[in-house]
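# Breakdown of the fold
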Amino acid sequence: MKETVWGMIGCGDVTEKKSGPGLYKANGSRLKGVYNRTEAKAYDWVQRHGHGQVYATIEELLADEEITAVYIATPPVTHFDYAMQVIAANKVPLIEKPMARTFEECQAILDAAGENGLPVFVSFYRRALEKFQKIKELLDEGAIGQPQLVEIRQYQQPAPEDLDKDNLPWRLQPAAGGGKELDIQVHVLDYLAYFFGEITAMTGIVENRAGLYEVEDTVSASFRFANGVVGSAAWCYVADFDLDEVTIIGSEGTLVFEGTSFEWIRLIKDGETTTYTFETPEHVAMPFIQIVVDELNGKAKSPADAASAANGIRMFDVLLKDYRESSKS
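Rules used throughout
Residues numbered from 1 in each chain as written. Predicted model: local features only at pLDDT ≥ 70, side-chain atom pairs only at ≥ 80, totals over all residues. Heavy atoms only, no water. Helix = DSSP H or I, 4+ residues; strand = E, 2+ residues; numbered from the N terminus. Rg over C-alpha atoms; globule rule 2.2 N^0.38 Å. Buried < 20%, exposed > 50% of the residue type's maximum accessible area, 1.4 Å probe, protein only. Contact = heavy atoms within 4.5 Å. Areas by Shrake-Rupley, 256 points an atom, 1.4 Å probe, with all protein chains shown as cover. UniProt positions renumbered as here; feature names shortened; annotations may be inferred. Pairing = 2+ DSSP bridges. Axes fitted to C-alpha atoms, helices over the stretch in contact; angles between N-to-C directions. Phe/Tyr/Trp six-rings, centres within 6.5 Å; stacked < 30°, edge-to-face > 60°. Lys NZ or Arg CZ within 6 Å of the ring centre and 35° of its normal. Parallel < 35°, antiparallel > 145°, perpendicular 65-115°, else oblique. Left-handed = near helix turned anticlockwise from the far one by under 90°. Nonpolar A, V, L, I, M, F, W, Y, C, P; charged D, E, K, R; others polar. Core = buried A, V, L, I, M, F, W, Y, C linked by side-chain atoms within 4.5 Å. Salt bridge = Lys/Arg side-chain N within 4 Å of Asp/Glu carboxyl O.

### Quick word on the overall build of the protein
Secondary structure summary: the protein contains 10 helices and 14 strands in total. Radius of gyration (C-alpha) of the protein: 20 Å, near the 20 Å computed for a compact globule of 329 residues. In the protein, buried positions account for 54% of the 329 residues. In the protein, of all internal contacts separated by at least 6 residues, the share reaching a separation of at least 24 is 68%. Of the roughly 14500 Å² that the protein leaves accessible, carbon and sulfur atoms contribute 47%.

Below is the structure:
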C-alpha cells in the first residue's frame, strides 16, 4: 500500500493535539522527521508523541528522500520561505493557514509548485469536518432555496496576552500580515468559498479602536462570491462580550451556526427549526489530513483548494491595503 511519509517543521501548540497526531494516525500516513528552531523542543515533542525523529537542520530533513510531504506548522512570517524550500526539495507542502502574508507570496508558492508538478495544500481543515460537509449538503440539495446573503459576526473580548505589548502573540504583530481576522476568519471565508465559489470582490472599513497593538482590531467588510451570493462581516476583537455566528439567508429558509466551532447547525424553514449536532473530533485537523493523504496516495480527490486559499489572501490584501499604508506613515 502506498504511504505518505511526513516531515514537520515547527512543533508549537497547533501540532500538539489539533494537527500533529493526524500525521501519524491517518491511514497510509507516517511521520518521520521533526524540525524545530529550538532543537530541545523537537526532542521533547518526539519523546511525548512517540513518533518521528529529530533533524538538526531544515536541510537535513529535506534531504531525506523517504520524506514525501512536509507540514509547515510555523507562524505566517516564515511560510513563504519554508514552502519554497520544501518545493525546491521536490516535496509536497501542507501549509498552516494563512497560506502566506500576501497574495504575491501565495502566487509564488503556487507557481513554483506548478513548475515542479507538485500540489500545494493549506490547512483549512474545516472543509473536511462533518458539520461543514453537512452545510454544503444542505445547500446543494436546496434546503434553503437559492442562497442570497451571508452575514458573519465575530466579537471577542481582548485576551490577557493581547494586553502585553512587549510580548504580543504572532497574530497581533504586523509582520504576520494582519490581525485576528486574518488568523481566525480566513477559515470562515475559506469554507464559504467552498460552498459558493471564490470571493470575487471585497471592500470595507478597517480600524484600530483600542490601541492595544499595531494591527487592526475592528473591521466591517462586504464581499461577493463567484455564484453571486453577497456577504457582510463585522469583526471586533475589543468588544465587551463574545459572539461567533454565521447566517446564510436563502429564498426558502435560513442556516445559522457558529462560525468557527464544530458542534451544531440550525435550519430555519417554514416557521420550524431543525437542529443538527456533531461531535468534535479529538484531533480536528485529522479528517483533513486523511483526505490529503488519500489524494497523495491516489485513493480520492480532496476538497482542498490552494488557489482558493491564495485568493482569500488576495482579498485580505485588498481589504487591508489602506490600513497597512496608513499605519506605516
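Structure's up, so let's keep going.
### Section: the UniProt feature "domain: Gfo/Idh/MocA-like oxidoreductase N-terminal" (unreviewed entry) in the protein
As annotated in UniProt, the feature "domain: Gfo/Idh/MocA-like oxidoreductase N-terminal" (unreviewed entry) corresponds to residues 6–123 in the numbering used here. As a span, residues 6–123 carries 42% helix and 19% strand, and end to end its C-alpha atoms are 15 Å apart.

### A word on the sheet that holds strand β7 (residues 147–155)
Strand order in the open sheet formed by 8 strands is β8-β9-β10-β7-β11-β12-β13-β14, with mixed pairing between adjacent strands. On the outer flanks of this sheet lie β8 (199–207) and β14 (272–277), each paired with one strand and no other. Within this sheet the neighbouring strands show an average axis-to-axis angle of 15°, counted without direction. Note that strand β11 (residues 243–250) and strand β12 (residues 254–257) share 4 bridges and pair antiparallel. Within the sheet, the bridge partner assigned to Thr247 lies in β12 and is Val256. The strands that helix α7 (residues 130–140) touches are β7, β11, β12, β13 (264–269) and β14; relative to β12, the one it contacts most, it runs at about 170°. Packed onto the sheet, helix α10 (residues 306–328) meets β8, β9 (218–225) and β10 (230–236) and runs at close to 35° relative to β8.

### Observations regarding the environment of Ile291
Mapped onto the secondary structure, Ile291 falls in helix α9 (residues 286–296). Ile291 gets classed as partly exposed once you look at its relative accessible area, which sits at 21%.

### Topic: the packing of aromatic side chains
Inspection of every chain in the model, using the stated rule, returns 11 aromatic pairs. With a centroid separation of 6.5 Å and 75° between ring planes, the pair formed by Tyr24 and Trp45 is classed as edge-to-face. Residue Tyr24 is found in helix α2 (residues 20–25), and its partner Trp45 is found in helix α3 (residues 39–49); the two are separated by 21 residues along the sequence. Considered together, Tyr24 and Trp45 belong to a single accessibility category, that of buried residues. Measuring from centroid to centroid gives 6.4 Å for Tyr125 and Phe262, while their planes differ by 50°, and the two rings are tilted. Note that Tyr125 is positioned in the loop between β6 (121–122) and α7 and Phe262 in the loop between β12 and β13, a separation of 137 residues in sequence. Overall, Phe262 belongs to the buried group, its relative accessible area being 14%. Here a set of aromatic residues connected by ring pairs shows up, and it is made of Phe132, Tyr191, Tyr194, Phe195, Phe196, Phe223, Phe225 and Phe257. A cation sits over an aromatic face here: Lys136 above Tyr194, 5.0 Å from the ring centre.

### Some words on α9
Helical periodicity: at 3.6 residues per turn, an α-helix aligns residues three or four positions apart in one direction. For α9, every residue scored as buried is listed here: Phe288, Ile289, Gln290, Val292, Val293, Asp294 and Leu296. Packing partners of the buried residues in α9 comprise β1 (4–9), α2, β2 (29–35), β4 (69–72), β5 (92–95) and β6. Looking at the residues trailing α9, positive phi occurs at Gly298, about 80°.

### Focus: the packing of helix α8 (residues 180–196) against α10
The N-to-C vectors of α8 and α10 enclose an angle of 135°; their axes lie 10 Å apart at closest approach. Classified by the angle between their axes, α8 and α10 sit oblique to one another. Where α8 crosses over α10, the handedness of that crossing is right-handed. In this structure, α8 contributes Glu181, Leu182, Val186, Leu189, Asp190 and Ala193 to the contact, and α10 contributes Ser308, Ile313, Phe316, Leu320 and Arg324. Looking at the contact of α8 with α10 residue by residue, the classes come out as 7 nonpolar, 1 polar and 3 charged.

### Here we look at the nonpolar core
Ile152, Leu192, Trp235, Ile248 and Leu255 are the most contacted members of the largest nonpolar core, which has 105 residues in total. For this core, the element with the most residues is α8, which contributes 10 residues. Sequence-distant contacts of Ile152, defined by excluding residues within four places in its chain, comprise Gln185, Val188, Leu189, Leu192, Phe223, Ser232, Ala233, Ala234, Trp235, Glu245 and Val246.

### A word on the pattern of salt bridges
For the structure shown, the criterion picks out 18 salt bridges. We note a salt bridge from Asp183 to Lys97, for which the minimum N-O separation is 2.5 Å. You can see Asp183 sitting in helix α8 and its partner Lys97 sitting in the loop between β5 and α6 (103–115), a full 86 residues away along the chain. Taking relative accessible area as the criterion, Lys97 reaches 11% and is therefore assigned buried. Measuring nitrogen to oxygen at the nearest pair gives 2.7 Å for the salt bridge that ties Arg101 to Glu105. Counted as one network, the salt bridges with shared partners bring together Glu3, Arg30, Lys32, Asp64 and Glu66.

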